[in-house]
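Listed here are the chains, written in short residue letters.
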Amino acid sequence: MNDEVEEAVAAAFREEWGQVVATLIRVTGDWDLAEECAQDAFAQALDRWRRDGVPRRPGAWLTTTARNRALDVLRREAVGAQKLREVAVSTRDEEPYDPYGTYDPYSAYGPHDPCDGRYDSEFDDGSGVRDDRLRLIFTCCHPALPIEARVALTLRALAGLTTPEIAHAFLVPEATMAQRLVRAKRKIRNAGIPYRVPPAHLLPERTTGVLGVLYLLFNEGYAATAGADLVRTNLCAEAIRLARVLARLMPDEPEVVGLLALLLLHDARRGTRVDASGDLVTLEDQDRTAWDRSEAEEGAALLETALRRGRPGPYQIQAAIAACHTTAGTAEETDWADIAALYGELRRFVPSAVVRLNRAVAVGMAEGTDAGLALVAELEGEGELDAYHLLPATRADLLRRAGRTTEAAEAYERALDLVENAAERRFLEKRLAECRSV
Amino acid sequence: MKYALFLCTPVGGEEPGPEEIADDPRFTSYLQEVRDRDLVKGGARLRPASDATTVRVQGDEVLLSDGPFVESKEYVAGIDIIEVADLDEAIALASRHPAALGGGSVEVRPLWE
């Protein structure tokens, strides 16, 4: 029985933490108080749910409990009567205390809000969307905050990771991470960063910013896979969870759905990216039967629905590229011409040298190594990627495939001069040894 | 909220004179907007950094030096104090300011209130 309650609290934590914090920030305007009270509500839940049973709507119970706690704290601190009234009124208006009953707490945040006009005029931010988590995610990812702070704040406030967990995930001392979070919250308060979903004219740009944060979060976890570091690889799951929330809240934004698709398609292959000894396994050599079929299928299906809207963007195109790989039964069946064309498309949105390098790989596979090498040579001539180990590594790989092993070995040596990641280094060393032994 | 906009200009660049400002449509449209919306609560155009004198005090001694205290690539050419709802509005205004459009930058700083 106790285990069941613990499980229910843990599940509620995963599902509801962001919502509880987001609502508390809106009604109190105080981030620290919101986190404190949310924490307190979850602690109380353990005792109370054991005694009274798990409420039918844990989120409503937790939000109300956290709010009452905030009221107590504010009362003790004897803040102005106005603030108390605001918190009390929003408690009464938005969420009848009926967590064991039939009242649907989510209706209070959805478009069919049963609240009176006061709520509408006061909290409608003009974008037509009123979920508090959406406000929270846009505020956490505000471009006036440094990027590391955006990531950390999103994990803390929205995903409920603790400061030590976030510090560990980003390999910085706990004190540094705590300081980073304090500074970010202080800047939000002092610089007047608004707690709202941006108005329509800012929405596309800000949404791109939010997607960038989630993608970075995922990549951080993805890169850590080689180290088998659970706290860090958990970032992939957190990024997917947050992308799901965002896709649910912004279902009409194909790029949001595209990002979720991309993350799922990458994640489906994550387990096969490294072998038992922690060495990298290339896409060609990965065990395709070990890919997570349900993740891959869900990703592919989401991509379809996104593409059907006819508004392509960089995440949808990257997801389409990832889908080309996951849907190929064997490495040989991969449709490289399709992938090359998709990279060409991606260049329109992301005119970066790295995208062109990826296209060179695809062209090399589709049209022959010479065509790929010609594109690599172009990039080498421009010099922008001089410090990027994957430039010589790509040349090396194409030369190796063409059977020009001596030249390939030279290129691998140049790549080894530049590489930093230990798993990638071991991989390049292995290839170099292979080329030399031919 | 009140913000100070520090209007920064690259060192060595040409600063427009009063007549040029009056003729520049970017300035006139910006000035029109802030006037219409009554956003500017104060401010000043500053003489060039080369006319600055920096004062420091060490013990009883007052130390003077020519020019700004910090040597940098840009210097503050003017200050606007604006009052808007939040940082997004301040950023929107700063991004339309001729100082930002003309290759300089605008530092947006909230005031103690």
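Computed from a predicted structure; not experimentally measured. (Residues numbered from 1 in each chain as written. Chains lettered and ligands numbered in written order. Predicted model: local features only at pLDDT ≥ 70, side-chain atom pairs only at ≥ 80, totals over all residues.)

Okay, the sheet that holds strand β6 (residues 105-110) of chain B next. Two strands in a sheet stick together by hydrogen bonds in their backbones, pointing the same way (parallel) or opposite ways (antiparallel). Residues and elements named next belong to chain B. Ordered in space as β2-β5-β1-β6, the four strands form an open sheet in which the pairing is antiparallel. What marks the edges here is a single partner per strand, and that holds for β2 (40-45) and β6. Within this sheet the neighbouring strands show an average axis-to-axis angle of 20°, counted without direction. Taken together, the five bridges between β2 and strand β5 (residues 74-83) define a ladder with antiparallel strand orientation. (Pairing = 2+ DSSP bridges. Helix = DSSP H or I, 4+ residues; strand = E, 2+ residues; numbered from the N terminus. Axes fitted to C-alpha atoms, helices over the stretch in contact; angles between N-to-C directions.)

Looking now at the environment of A:Cys324. All names here are of chain A. With respect to the helices, strands and loops of the structure, cysteine 324 is situated in helix α14 (residues 314-327). For cysteine 324, a count of 18 C-beta atoms within 10 Å puts it in the partly exposed group. Taking the C-alpha atoms as reference points, cysteine 324 and glycine 160, separated by 164 residues in sequence, lie 35 Å from one another. For cysteine 324, the residues in contact, after removing those within four places along its chain, are Thr334, Asp335, Asp338 and Ile339. (Buried ≥ 20, exposed ≤ 12 C-beta atoms within 10 Å, placed from the backbone. Contact = placed C-beta atoms within 7 Å.)

Moving on, we get to the domain arrangement of chain A. All names here are of chain A. Taken domain by domain, chain A consists of domain 1 (2-100), domain 2 (132-227) and domain 3 (251-328). Those elements that place two or more of their residues in the side of domain 1 that touches domain 2 are α1 (2-28) and α2 (31-52). The leading source of residues in the side of domain 1 that touches domain 2 is α1, at nine residues. The class makeup of the residues in the side of domain 1 that touches domain 2 is six nonpolar, three polar and two charged. (Domains from an automatic or database assignment. Nonpolar A, V, L, I, M, F, W, Y, C, P; charged D, E, K, R; others polar.)

Residues and elements named next belong to chain A. In this model, helix α13 (residues 293-307) (15 residues) spans 21 Å end to end at C-alpha, consistent with the 21 Å of a helix rising 1.5 Å per residue. Considered for burial, the residues of α13 that qualify are Ala296, Gly299, Leu302, Leu303 and Ala306. Buried residues of α13 fall within an arc of 130° about the axis and therefore sit on the same side. Exposed and oriented more than 90 degrees from the buried face of α13 are Arg293, Ser294 and Ala301. As for α13, its buried residues are in contact with α12 (254-270) and α14. (Expected span 1.5 Å × (residues − 1). Arc of directions from axis to C-beta.)

The subject of this paragraph is the pairing of strand β3 (residues 53-58) of chain B. Residue and element names in this part refer to chain B. Within β3, only zero of the six residues are buried, which leaves the element largely exposed. In terms of strand pairing, β3 meets strand β4 (residues 61-66) through six bridges, oriented antiparallel. Following the sheet pairing, valine 57 is matched in β4 by valine 62. In this structure, the hairpin formed by β3 and β4 is closed by a connection of two residues, where glycine 59 is found at a positive phi of approximately 60°.

Let us look at the environment of B:Glu15. Residues and elements named next belong to chain B. Here glutamate 15 shows up in the loop between β1 (2-10) and α1 (18-23). A sequence separation of 84 residues divides glutamate 15 from alanine 99, and the C-alpha atoms of the two residues are 10.0 Å apart. Setting aside chain neighbours within four positions, we find glutamate 15 in contact with Thr9, Pro48 and Ala77.

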